[in-house]
Amino acid sequence: MIAVFGIVLGVLSFIWFDYIVIVCTSILGGYLLIRGISLVAGGYPNEFTVYERIKANDLSGVPGTFYAYLAGMVILIAIGIFIQIRIKRRAKKSTAEYDYYKKV
């Protein structure tokens, strides 16, 4: 069963490679930007502390600023995905126009 999933996901990764890269870079960029801001502004708890609290089912000690940072991260990720997909479509469109004139 694992081998089947591995083969299927391997084939899909070749088909959706560009979109996988877009989503991963957006997630990494959104996290790093928010984490950098939080180092200056403060209020972002240590990731290991949050993990331990989730593991112990104790989310009452998580500060409200964490949720604000989390919302900002989600917004930045969505903006990053949108911009990169738009750039990819423009590049594909301009390449298609170039190929058309190249054939003539």
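In this report, the structure presented in the accompanying data block is examined. (Residues numbered from 1 in each chain as written. Predicted model: local features only at pLDDT ≥ 70, side-chain atom pairs only at ≥ 80, totals over all residues. Heavy atoms only, no water.)

Topic: the overall build of the protein chain
For step 1, the next point in the chain: For the protein chain, the count of helices and strands is four helices and zero strands.
For step 2, the next point in the chain: Starting at the N terminus, the α and β elements of the protein chain follow one another as α-α-α-α.
For step 3, the next point in the chain: A globule of 104 residues ought to have a C-alpha radius of gyration of about 13 Å, yet the protein chain, at 20 Å, is considerably larger.
For step 4, the next point in the chain: Dimensions along the principal axes, computed over C-alpha positions, put the protein chain at roughly 65 × 40 × 15 Å.
For step 5, the next point in the chain: Per-residue burial over the protein chain gives 15% buried out of 104 residues.
For step 6, the next point in the chain: If you take every contact in the protein chain between residues at least 6 apart in sequence, the share linking residues at least 24 apart comes to 62%.
For step 7, the next point in the chain: In the protein chain, the 11 positive side-chain charges and the 6 negative ones have mean positions that sit 10 Å from each other. (Helix = DSSP H or I, 4+ residues; strand = E, 2+ residues; numbered from the N terminus. Rg over C-alpha atoms; globule rule 2.2 N^0.38 Å. Buried < 20%, exposed > 50% of the residue type's maximum accessible area, 1.4 Å probe, protein only. Contact = heavy atoms within 4.5 Å. Lys, Arg positive; Asp, Glu negative; His and termini not counted. Charge placed at Lys NZ, Arg CZ, Asp CG, Glu CD.)

Description of the nonpolar core
For step 1, the next point in the chain: I34, Y44, V50, V62, F66, Y69, M73 and I77 form the largest nonpolar core, which has eight residues in total.
For step 2, the next point in the chain: If one sorts the elements of this core by residue count, helix 4 (residues 64–103) sits on top with four residues. (Core = buried A, V, L, I, M, F, W, Y, C linked by side-chain atoms within 4.5 Å.)

Structural notes on a nonpolar patch on the surface
For step 1, the next point in the chain: Where nonpolar side chains cluster on the molecular surface, the patch consists of I7, V11, F14, I15, W16, Y19 and I20 and spans about 780 Å² of accessible area.
For step 2, the next point in the chain: Every element with two or more residues in the nonpolar patch is listed here: helix 1 (2–15) and helix 2 (17–41).
For step 3, the next point in the chain: Examining the composition of the nonpolar patch, we find that four residues originate from one element, helix 1, more than from any other.
For step 4, the next point in the chain: Tracing the chain through its elements places I7 in helix 1.
For step 5, the next point in the chain: Given the relative accessible area of 58%, I7 is considered exposed. (Patch = residues over 30% accessible without salt bridge, like charges linked within 9 Å, V, L, I, M, F, W, Y side chains within 5 Å. Areas by Shrake-Rupley, 256 points an atom, 1.4 Å probe, with all protein chains shown as cover. Salt bridge = Lys/Arg side-chain N within 4 Å of Asp/Glu carboxyl O.)

Some points on helix 2
For step 1, the next point in the chain: Helix length check: helix 2, at 25 residues, gives a terminal C-alpha distance of 36 Å against a target of 36 Å (1.5 Å per residue), a fit within 8%.
For step 2, the next point in the chain: Listing the buried residues of helix 2 in full gives I22, S26, G30, I34, R35 and S38.
For step 3, the next point in the chain: A positive backbone phi angle near 85° is found at G42, which sits one or two residues after helix 2. (Expected span 1.5 Å × (residues − 1).)

Describing the side chain of S38
For step 1, the next point in the chain: Looking at the element boundaries, S38 is found in helix 2.
For step 2, the next point in the chain: Residue S38 is classed as buried on the basis of its relative accessible area of 4%.
For step 3, the next point in the chain: A polar side-chain atom of S38 sits 2.7 Å from the main-chain carbonyl oxygen of R35.
For step 4, the next point in the chain: S38 has contacts with Y44 and Y69, leaving out every residue within four places of it along the chain. (Polar contact = N/O pair within 3.5 Å; in protein donor to acceptor, adjacent residues only side chain to side chain.)

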